[in-house]
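# Commentary on secondary and tertiary structure
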Amino acid sequence: QLFGQAIISLALMVLALIYLRAFQPKVYEDNRMLWLVFVILTIISLLAKGLAPLFPPFLIPVAGAAMLTTILVRPRAGIMMAVTAAIVTGIFVNSEQYWIYAFMTGLFAVYLTARISHRSDLTRAGLWLMLASGTIAFAAGLMKGDTGLDLLVNSGWGVVGGGAAIIITIGTLQFLESAFNITTDMKLLELSNPTQPLLRELMV
């Protein structure tokens with residue numbers, strides 16, 4: 001089983017590279033971006049492997065991986081990450097409910113962060129993501145045939161999973177910006193703020 005999972009995961013990474021080469025050549029030709037995508041995908045895969053046997057699968061932060069890729073790389077790369085991460089993590093979880101949840105929350109996360117220009121906007125995006133995650137988890141439970149308390153528990157775990165995804169995004173965003181020397185739109189706006197000490201000196 002482990003060998004099969006490793007082969008499928010490797011194949012998905014190769015397909016992701018092919019996608020980037022064909023549709024995102026600027027990302028493909030930038031080693032920093034490629035390493036960043038690889039690191040995010042590897043971390044989310046390891047988290048899925050570790051969390052799946054111990055906790056409800058709704059806690060796996062696929063949406064966080066999609067958000068980070070969207071902000072730091074490109075929205076189209078974020079879509080690729082959402083799809084690839086959902087498939088990779090779904091291999092470890094092997095649950096129809098989780099597949100639906102992972103695909104939909106990942107794509108919704110890309111939509112929420114595609115046009116974010118201020119870090120404060122991430123909090124609002126996180127609230128929307130928590131609402132969407134809880135709703136999707138509830139609907140996935142209905143499809144499975146869950147009733148009563150099981151539906152409420154699933155929905156609650158979905159909300160918690162959405163919250164965990166945005167916390168991870170906010171907590172690691174600045175670190176990844178510095179580690180991979182990436183200047184995001186948010187960083188540029190912060191640097192152009194007139195309250196920056198250097199800009200204030202220049203104005204004086």
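Residues numbered from 1 in each chain as written. Predicted model: local features only at pLDDT ≥ 70, side-chain atom pairs only at ≥ 80, totals over all residues. Heavy atoms only, no water.

Backbone phi values are negative for most residues with the exception of glycine, while trans is the configuration of most peptide bonds. Phi at N181 takes a positive value of approximately 55°, unusual for a residue other than glycine. Inspection of the secondary structure puts N181 in the loop between α8 (149-179) and α9 (185-191). (Helix = DSSP H or I, 4+ residues; strand = E, 2+ residues; numbered from the N terminus.)

Another point: the environment of L54. Here L54 lies in the loop between α3 (31-51) and α4 (62-72). Judged by its relative accessible area of 65%, L54 falls in the exposed class. It is 32 Å that separates the C-alpha atoms of L54 and F180, two residues lying 126 residues apart in sequence. (Buried < 20%, exposed > 50% of the residue type's maximum accessible area, 1.4 Å probe, protein only.)

For the coordinates displayed, the defined rule picks out five aromatic pairs. For the pair W35 and F38, a centre-to-centre distance of 5.8 Å together with 85° between the ring planes defines the contact as edge-to-face. Of this pair, W35 and F38 are both found in helix α3, three residues apart, which corresponds to roughly one turn of the helix. For W35, a relative accessible area of 52% corresponds to the exposed category. (Phe/Tyr/Trp six-rings, centres within 6.5 Å; stacked < 30°, edge-to-face > 60°.)

With the rule as written, the count across this model stands at one cavity of 30 Å³ or more. By volume, the largest cavity is sized at about 40 Å³. Residue lining of the largest cavity: I60, P61, V62, A63, Y101, T105, S133, G161, G162 and A165, and that is the complete set. Of all the secondary-structure elements, those providing two or more residues to the lining of the largest cavity are α4, α6 (96-113) and α8. Considering every element that reaches the lining of the largest cavity, the biggest residue donor is α8, with three residues. The class makeup of the residues in the lining of the largest cavity is six nonpolar, four polar and no charged. (1 Å grid on protein atoms, 1.4 Å probe; cavity = no way out; pocket = protein on both sides within 12 Å on 5 of 7 lines; lining within 4 Å. Points joined across faces, edges and corners; volume = space filled by probe spheres on them. Nonpolar A, V, L, I, M, F, W, Y, C, P; charged D, E, K, R; others polar.)

It is worth spelling out α4 at this point. Across the 11 residues of α4, 11 count as buried, placing the element largely inside the fold. Those residues of α4 that fall on the buried side of the exposure criterion are V62, A63, G64, A65, A66, M67, L68, T69, T70, I71 and L72.

Turning our attention to the nonpolar core. Counting 48 residues, the largest nonpolar core has L36, L72 and V73 as the members making the most contacts within it. Apart from the residues lying within four places of it in its own chain, the contact partners of L72 are M33, L36, L173, L176, E177, I182 and T184. (Core = buried A, V, L, I, M, F, W, Y, C linked by side-chain atoms within 4.5 Å. Contact = heavy atoms within 4.5 Å.)

A volume near 300 Å³ is recorded for the largest pocket. Considering the residues around the largest pocket, the lining is formed by 17 residues, among which T70, I71, V73, T184 and D185 are closest to the centre. With three residues, the single largest contributor to the lining of the largest pocket is α4. Across the lining of the largest pocket, the residue classes tally to nine nonpolar, five polar and three charged.

All we've got here are geometric facts, nothing functional implied.
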